[in-house]
Amino acid sequence: MSTDTDAWTVARIRAMKGRRFACVTATDAVTARWADAAGIPLVLVGDSLAMTVLGHSTTLPATMEAMLHHTAAVVRGAGRALVIADMPFMSYQVSDDQALANAGRFLQEAGAAGVKLEGGRVRAGTVRRLVNNGIPVLGHIGLLPQSVRAMGGYPVQGRRPSEAARLVADARALEDAGAFAIVLEGMPPAVARRITQSVQVPTIGIGAGPQCDGQILVIHDLLGLAGGRSPKFVARYAELGAQAVAALEQFRRDVEAGRFPTTEHCY
Ligand code: KIV
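Moving on to the pairing of strand β3 (residues 82–86). By the criterion of burial, β3 is predominantly enclosed, with 5 of the 5 residues buried. Here β3 shows no split at all, with Leu82, Ile84 and Asp86 on one side and Val83 and Ala85 on the other all buried. Bridge count for strand β2 (residues 42–45) against β3 is 4 bridges, and the pairing is parallel. The residue of β3 that forms the bridge with Val43 is Val83. As defined by bridge partners, β3 adjoins strand β4 (residues 114–116) across 3 bridges and the pair is classed as parallel.

Now for the site of the ligand. The environment of the ligand is formed by Thr25, Leu44, Gly46, Asp47, Ser48, Asp86, Lys116, His140, Ile206 and Val218. Taking Asp86, its side chain carries an N or O atom lying 3.2 Å from an oxygen atom of the ligand. One of the side-chain nitrogen or oxygen atoms of Lys116 is found 3.1 Å away from an oxygen atom of the ligand. The fraction of the free accessible surface of the ligand (260 Å²) that becomes covered by protein chains is 95%. In this structure, the ligand is accommodated by the largest pocket. Here the shell around the ligand is built from residues that sort into 3 nonpolar, 4 polar and 3 charged.

This part is about the layout of surface pockets. Roughly 840 Å³ of volume is contained in the largest pocket. Forming the walls of the largest pocket are 36 residues, and the residues nearest its centre are Glu185, Val218, Asp221, Pro231 and Phe233. Looking at the lining of the largest pocket, the elements that each hand over two or more residues are α3 (49–52), β6 (181–185) and α10 (219–222). Across the lining of the largest pocket, the residue classes break down as 15 nonpolar, 12 polar and 9 charged. Its boundaries defined by the atoms lining it, the second largest pocket holds a volume of some 500 Å³. In this structure, the second largest pocket is lined by 29 residues; those nearest its centre are Gln215, Ile216, Leu217, Leu222 and Tyr237.

So, on to the side chain of Thr71. With respect to the secondary-structure elements, Thr71 resides in helix α4 (residues 64–77). A polar contact is formed between the side chain of Thr71 and the backbone oxygen of Met67, at a distance of 2.6 Å. When neighbours within four sequence positions are excluded, Thr71 is seen to be in contact with Val45, Val83, Ala85, Phe106, Ala110 and Ala112.

This brings us to the pairing of β2. Of the two faces of β2, the one holding Leu42 and Leu44 and the one holding Val43 and Val45 are both buried throughout. Sheet topology places strand β1 (residues 21–25) next to β2; 3 bridges connect them, and they run parallel. By the bridge assignment for β2, Cys23 is matched with Leu42. Taken together, β1, helix α2 (residues 29–37) and β2 constitute a β-α-β crossover, and its handedness is right-handed.

About the criteria used
- Residues numbered from 1 in each chain as written.
- Predicted model: local features only at pLDDT ≥ 70, side-chain atom pairs only at ≥ 80, totals over all residues.
- Heavy atoms only, no water.
- Buried < 20%, exposed > 50% of the residue type's maximum accessible area, 1.4 Å probe, protein only.
- Helix = DSSP H or I, 4+ residues; strand = E, 2+ residues; numbered from the N terminus.
- Pairing = 2+ DSSP bridges.
- Near = heavy atom within 4 Å.
- Polar contact = N/O pair within 3.5 Å; in protein donor to acceptor, adjacent residues only side chain to side chain.
- Areas by Shrake-Rupley, 256 points an atom, 1.4 Å probe, with all protein chains shown as cover.
- 1 Å grid on protein atoms, 1.4 Å probe; cavity = no way out; pocket = protein on both sides within 12 Å on 5 of 7 lines; lining within 4 Å.
- Sits in = over half its atoms within 2 Å of the grid points.
- Nonpolar A, V, L, I, M, F, W, Y, C, P; charged D, E, K, R; others polar.
- Points joined across faces, edges and corners; volume = space filled by probe spheres on them.
- Contact = heavy atoms within 4.5 Å.
- Right-handed = clockwise from strand over helix to strand, strands pointing away.

Such coordinate-based values are descriptive only and should not be taken to indicate function.
This is the structure we're talking about:
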């Protein structure tokens, strides 16, 4: 029996099958602290930070060193939340030995509780190898951002019945390989529901409709930190980017007008 003050573990997340839970990405100690203070059970150090924080146009330039650096910062801020690190492009595809060595670095050097990697049946052997060596793995199927060049963009997956059947097979293969949960990205709700009903581990949806067990959003999208337009599946719960610009403008005007600092800001 766990209480609200207990740290979230992989076993507790696995036990969330059939219950709704919210997850977010975090990129540093500050966003991790916000997520933990809000009672979020799982934070993912997503390689989307290549876009949201580092200014790239895809996730492909994320490196092991960048992901380790950000993961360590998230772990320092995360409190009770379970921290899962995203394995960047080409850190797990070359060989299972390389995948194991790189995944181990996230636990050993950065303090993550587990790793996420993209792909279904094609990655099942790698997932099994990691799990057999004590590394919890979060699977990820459907729209795979690291395959943006192969897909020619970010198309919704699983619209055709044959594709949907392949996604169900992918999810089963990951479950069989020992994944503790599976991210379902960019697919019709009916397909996500079918997958969710086909596996015993929790599914965590992003752009996959309401019938997944958990839901995840990129924190910069959710908080309106990045500005611009958001994808259809995003709900913006705040406009912090716009608020930040307004605050900075006010600061600039106050300095220019001699309103800051006042005597109350002086020693
Ligand atoms: O990198 C990321 O933020 C992700 C989520 C979209 C699941 O993989």
